[in-house]
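Structural characterization, general
Single-letter residue listing:
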Amino acid sequence: KKISTTATPEEKHFNAVKGAMRNAIHYQLKAFRDAVNLPCVCSITGKQIRKGQKTDIDHCGMSFSEIADRFVALKGLTYCDIPLMGPPTGKSFKDKQLWGEWVHFHMANARYALVCASANRSKGASGYETPVELYGSFKAEDPEDLSLDF
């Protein structure tokens, strides 16, 4: 029997913002990958990585989610406070200054390692979960804020 779960609007937006944040820094990961000299050693398995093997770029120290959450918290925001624009697979922040600040924040705080793809994907974010309060809410806090436009 299949169990269906439906994400709340806040969870959907959180995932969309995180996806946009990943797209924003993709070039940083590519630059790291292009600079790696093979063979090298996978920091997860200790095995040698050779050309042609399936690999991932792993965030070391702080996971991508931790870096993103730290940025949102330092800005005094929640994920629901960050409006997006653009096509479904190419979203960006509507606020271009915030977008640029995110890219610079990630560059300053991210540390990488080239690792075996299967090892990285089974490790996940090492148990880290985004604090629920960072999701935010689309619900109006004050009944006076409710839109009565029908």
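The present account deals with the structure reproduced in this document. (Residues numbered from 1 in each chain as written. Predicted model: local features only at pLDDT ≥ 70, side-chain atom pairs only at ≥ 80, totals over all residues. Heavy atoms only, no water.)

1. Details of the pattern of salt bridges
Applying the stated rule across the entire model yields four salt bridges. Two residues, K18 and D69, come together in a salt bridge whose shortest N-O distance is 3.5 Å. Of this pair, K18 sits in helix α1 (residues 9–24) while D69 sits in helix α3 (residues 64–74), and the two are 51 residues apart along the sequence. Grouping residues by exposure puts K18 and D69 together as buried. For the salt bridge of D56 with R121, the shortest nitrogen-to-oxygen distance reads 2.9 Å. Here R121 lies in helix α5 (residues 117–123) and D56 lies in strand β3 (residues 55–60), a separation of 65 residues in the sequence. (Salt bridge = Lys/Arg side-chain N within 4 Å of Asp/Glu carboxyl O. Helix = DSSP H or I, 4+ residues; strand = E, 2+ residues; numbered from the N terminus. Buried < 20%, exposed > 50% of the residue type's maximum accessible area, 1.4 Å probe, protein only.)

2. Let's talk about the nonpolar core
Formed by 35 residues in total, the largest nonpolar core has its most connected members in V17, M21, F71, V72, Y79, F93 and W102. Those residues within four positions of Y79 in sequence are excluded, and the remaining contacts are H13, F14, V17, K18, M21, A68, D69, V72, T130, L134 and Y135. (Core = buried A, V, L, I, M, F, W, Y, C linked by side-chain atoms within 4.5 Å. Contact = heavy atoms within 4.5 Å.)

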